[in-house]
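Inside the fold
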Amino acid sequence: MAETREPDLGVLVGQLGRALQEELFARLAEQGHERVGPRHGTVLAVLPPEGARATELASRSGQHKQIVGVIVDELERLGYVARVPDPRDRRAKLVVPTPAGLDEVAKARAILADIEERHRRELGEDAYRAFTSALHRVAKAQRAWREHVSEEDAGPR
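Notes on the structure in this doc start here. (Residues numbered from 1 in each chain as written. Predicted model: local features only at pLDDT ≥ 70, side-chain atom pairs only at ≥ 80, totals over all residues. Heavy atoms only, no water.)

What about a nonpolar patch on the surface?
Cut-off, in case you're wondering: Only residues whose relative accessible area exceeds 30% and that take part in no salt bridge are eligible for patches, with like-charged residues grouped when within 9 Å of each other and nonpolar side chains (Val, Leu, Ile, Met, Phe, Trp, Tyr) grouped when within 5 Å. The Shrake-Rupley method, run with a 1.4 Å probe sphere, supplies the accessible areas, and residue values consider only the shown protein chains as cover. Think of a salt bridge as a Lys or Arg side-chain nitrogen and an Asp or Glu carboxyl oxygen that are within 4 Å of each other. The secondary structure listing takes helices from DSSP runs of H or I that are at least 4 residues long and strands from runs of E that are at least 2 residues long, numbered from the N terminus. Remark: exposure states derive from per-residue accessible area (1.4 Å probe, protein chains only) relative to the maximum for the residue type, with buried under 20%, exposed over 50%, and partly exposed in between.
Taken together, the side chains of Leu 9, Val 13, Leu 16, Leu 123, Phe 131, Leu 135 and Val 138 define a hydrophobic patch exposed on the protein surface, amounting to about 580 Å² of accessible area. Counting only elements with at least two residues in the nonpolar patch, the list comes to α1 (9–30) and α6 (125–154). On the secondary structure map, Leu 123 appears in helix α5 (residues 99–123). With relative accessibility at 46%, the residue Leu 123 sits in the partly exposed group.

Written out as C-alpha cells, the structure reads:
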C-alpha cells in the first residue's frame, strides 16, 4: 500500500499561488478586467504609478528582461500600460500604467486584501501573523540561496 505523505513546501506554495491567482483573476474579470491574467499580474503587481523601466520591472518581478518585454507588449496592446520617454534619460523608455492599468492594480489590491482578511479571520490574528512572518522568512532564505550559488559560480576573487 502506498504511503500518503503531506505535500512538500514546493507543492504547497504552488497550490497556494494557483488558488490565489484563480480567485483573484476570476474576481477581476467580474469587475471588468477579463483580459488580464496571472502572466500580466507579474508586471502589474510591481509597476509603480509613476512608471519604471523594463529592467527595473524584471528585477522587481524576478522575471527575465525578455519575458517582461513580451508581457509589457501584451499589456500595451490591451491598454493597461504605455511606453513613454524617461525624463531622466530621453533614450530610455518608462512603462507607465494607463487609467485602465491603475484601475486593475487598485482592484487587484482590494481583492487580495479581502482574501487576506478572510484567512486572517479563519486562522485568528496571532496565527495569521505567525504564518505570514514565517513565510516571509522562508522566502527570503530561499532567495538567498540564489545569491549564494551565484557567489560560488563567480569563483575566487
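Examining the layout of surface pockets
The criterion, for reference: A pocket here means an open set of points on a 1 Å grid, computed over the protein atoms alone, that has protein on both sides within 12 Å along at least five of seven lines. A cavity is instead a set of points where a 1.4 Å probe fits but cannot get out; residues with an atom within 4 Å of a point line either one. Grid points are joined across faces, edges and corners, and a volume is the space filled by probe spheres set on the points. Three categories are distinguished: nonpolar for Ala, Val, Leu, Ile, Met, Phe, Trp, Tyr, Cys and Pro, charged for Asp, Glu, Lys and Arg, and polar for the others, with Gly belonging to the last.
Estimated volume of the largest pocket: approximately 1300 Å³. Lining the largest pocket are 32 residues; nearest its centre among them are Leu 16, Gly 17, Leu 20, Leu 112 and Glu 116. Contributions of two or more residues to the lining of the largest pocket are made by α1, α2 (38–44), α3 (54–61), α5 and α6. Sorting elements by how many residues they give to the lining of the largest pocket places α5 first, with ten residues. In terms of residue class, the lining of the largest pocket is built from 18 nonpolar, eight polar and six charged.

Re the pattern of salt bridges
Following the criterion strictly, the structure yields 17 salt bridges and no others. A salt bridge links Glu 56 to Arg 60; the shortest N-O distance between them is 2.8 Å. Here Glu 56 and its partner Arg 60 are both found in helix α3, four residues apart, which amounts to about one turn of the helix. Overall, Arg 60 belongs to the partly exposed group, its relative accessible area being 42%. The shortest N-O distance in the salt bridge between Asp 126 and Arg 129 comes to 3.7 Å. You can see Asp 126 and its partner Arg 129 sitting in helix α6, three residues apart, about one turn around the helix. Residues participating in the shared-partner salt-bridge network are Glu 117, Arg 120, Arg 121, Glu 125, Asp 126 and Arg 129.

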